Amino acid sequence: MKWKPILRTMKAYTPGRSIEDIKRTYDLQEVHKLASNENPYGSSPEVAEYLRSKAAQFEMYPDAYTAGLRGKLAEFHQIDPNEILFGNGSDEIVSIISRAILQPGTNTVMASTTFPQYAHNAKIEGAELREVAMLESGDHDLEGFLKVADEETAVIWVCNPNNPTGNLLSSESIKSFLDQVPETALVVLDEAYIEFVTDPAQQDTIQWIHDYTNLIILRTFSKAYGLASFRIGYGVANASIVSELNKVRNPFNNSSLALAVAEVALADQQFLQACVTKNDEERKRFVDYAKQHALAIYPSATNFVLIAVPGDADVACEVLLQNGYIVRSGNLLGTPGFVRVTIGTHEQNTGFFKAFDQLLTNQ
Ligand SMILES: *Cc1c(COP(=O)(O)O)cnc(C)c1O
């Protein structure tokens, strides 16, 4: 068959191991998955209530215009409904953007250590990758981005806060970058974790789409809203970008149930705020733990931390697994010597620190 040759060099996404699998393999009663940055507090109780009492009409195709959630989000963000593009998770928006814009002869700019789906999709579309080494701090090197961007640059990926480091770029530095970047390049500002940011200097980036006609901002219900299984992500951009990208989007790419549930979750900002507050407190414990044990840790603005481990990261992951904690090895993320840990509930984190203590004493 006539596969794209690039596929020979690529691998399918490696999922983290499941809780059930680890329980069986290590004969454990309790296993905590702190590997995929899901919300340890679940989702709004209103969602469960909705699913119990109101969910219906499964024989009908979903509303292709997603009017319900679209209207609510437009109101929430103070934008026009036509400035929103929905994806089956923001993962799908990354793929829609790549399909619509990237092709052989174009190039695409991103950080060396960032969300792997940007490079993955770009490779499939045959675009040249220009990966700019992250700064020692873990920040994107935006100056470096500007140096490698040229007339053939089609898409620039800015992940803020960044996965897997958790680093937050200042709003001012991103704006200054947008002022200098070639207008022919689409800048994708992936804000999958923005709800967790508590830095008072953080601006409401959504309104920037009215100042920059080459900007799309990605948001998701998978992380802070705790709805990863429902696959709802969205992009916000000026209406002309949205209408081009819509040509590439599959119709009915969000299920009715998922759309309805996202509406319910959006309405419960109190739940979201409570999660953010708890996450903030728990994140401080990770920072303190790292400090206490002289372990390097990146400055996270998210619900995960990238923390140094003694020895090889895969070996550390194995020891943590034996203790019932699933985390992501830095060897998979381009950050050897580190593991990425989702910040759990208070009890989960206490247990995690105990497991980590074992790593330190076994050195
Ligand atoms: C998790 C994540 C996404 C994808 O989320 P979806 O579940 O597809 O909405 C996108 N970008 C980053 C940086 C992520 O960490």
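For the protein chain, an unreviewed UniProt entry supplies the name Histidinol-phosphate aminotransferase and the organism Sporosarcina ureae. Annotation of the protein chain in UniProt includes, under Subunit (unreviewed entry), the sentence "Homodimer." Comment text from UniProt for the protein chain, heading Sequence similarities (unreviewed entry), reads "Belongs to the class-II pyridoxal-phosphate-dependent aminotransferase family. Histidinol-phosphate aminotransferase subfamily."

Caption draft 1: Focus on a nonpolar patch on the surface. Together, Met1, Trp3 and Leu7 make up a nonpolar patch on the protein surface, roughly 430 Å² of accessible area in all. As for its position among the elements, Leu7 is in the segment before helix 1 (19–26).

Caption draft 2: Fine view of the sheet that holds strand 5 (residues 153–159). One open sheet holds the seven strands; their spatial order is 2-8-7-6-5-3-4, and the pairing between them is mixed. This sheet does not close on itself; its edge strands, each paired only once, are strand 2 (84–88) and strand 4 (128–132). Strand-to-strand twist across the sheet, computed as the mean angle between neighbouring axes with direction ignored, equals 20°. Bridging between strand 7 (residues 215–220) and strand 8 (residues 232–237) involves five bridges; their strand directions are antiparallel. Bridge pairing links Leu218 to Gly235 in strand 8. Across the sheet, helix 3 (residues 67–77) lies against strand 2, strand 7 and strand 8, angled at about 125° from strand 2, the strand it touches most. The strands touched by helix 4 (residues 90–101) within the sheet are strand 2, strand 5, strand 6 (186–190), strand 7 and strand 8, with strand 7 carrying the most contacts at an inclination of about 155°.

Caption draft 3: Just the nonpolar core, in detail. Counting residues in each nonpolar core, the largest one holds 51 residues, and the members touching the most others are Phe145, Ile156, Val158, Leu215 and Phe221. Top element by residues in this core is helix 9 (residues 256–267). It accounts for eight residues.

Caption draft 4: Looking closely at the UniProt feature "modified residue: N6-(pyridoxal phosphate)lysine" (unreviewed entry) in the protein chain. UniProt tags Lys223 as "modified residue: N6-(pyridoxal phosphate)lysine" (unreviewed entry). As for its placement among the helices and strands, Lys223 is situated in the loop between strand 7 and strand 8. If we ignore the near neighbours within four places in the chain, the residues touching Lys223 are Ser36, Asn37, Asn39, Ala192, Tyr193 and Phe196. Only 3.1 Å separates the side chain of Lys223 from the side chain of Tyr193, close enough to count as a polar contact.

Caption draft 5: The arrangement of the UniProt feature "domain: Aminotransferase class I/classII large" (unreviewed entry) in the protein chain in detail. Mapped onto this structure's residue numbering, the UniProt feature "domain: Aminotransferase class I/classII large" (unreviewed entry) falls at residues 31–351. Across residues 31–351 one finds 38% helix and 17% strand; the C-alpha atoms that close the span lie 10 Å apart.

Caption draft 6: Representation of the sheet that holds strand 12 (residues 338–342) in the model. Spatial strand order, 9-12-11: three strands in an open sheet with antiparallel pairing. Both edges of this open sheet fall to strand 9 (304–308) and strand 11 (328–329), since each of them pairs with a single strand only.

Caption draft 7: Highlighting the environment of Glu128. Tracing the sequence through the fold places Glu128 in strand 4. For the pair Glu128 and Thr108, spaced 20 residues apart in sequence, the C-alpha to C-alpha distance is 6.2 Å. Apart from residues lying up to four places away in sequence, Glu128 is in contact with Thr106, Asn107 and Thr108. At a separation of 2.9 Å, a polar atom in the side chain of Glu128 contacts the side chain of Arg130.

Criteria and thresholds
Residues numbered from 1 in each chain as written. Predicted model: local features only at pLDDT ≥ 70, side-chain atom pairs only at ≥ 80, totals over all residues. Heavy atoms only, no water. UniProt positions renumbered as here; feature names shortened; annotations may be inferred. Patch = residues over 30% accessible without salt bridge, like charges linked within 9 Å, V, L, I, M, F, W, Y side chains within 5 Å. Areas by Shrake-Rupley, 256 points an atom, 1.4 Å probe, with all protein chains shown as cover. Salt bridge = Lys/Arg side-chain N within 4 Å of Asp/Glu carboxyl O. Helix = DSSP H or I, 4+ residues; strand = E, 2+ residues; numbered from the N terminus. Pairing = 2+ DSSP bridges. Axes fitted to C-alpha atoms, helices over the stretch in contact; angles between N-to-C directions. Contact = heavy atoms within 4.5 Å. Core = buried A, V, L, I, M, F, W, Y, C linked by side-chain atoms within 4.5 Å. Buried < 20%, exposed > 50% of the residue type's maximum accessible area, 1.4 Å probe, protein only. Polar contact = N/O pair within 3.5 Å; in protein donor to acceptor, adjacent residues only side chain to side chain.

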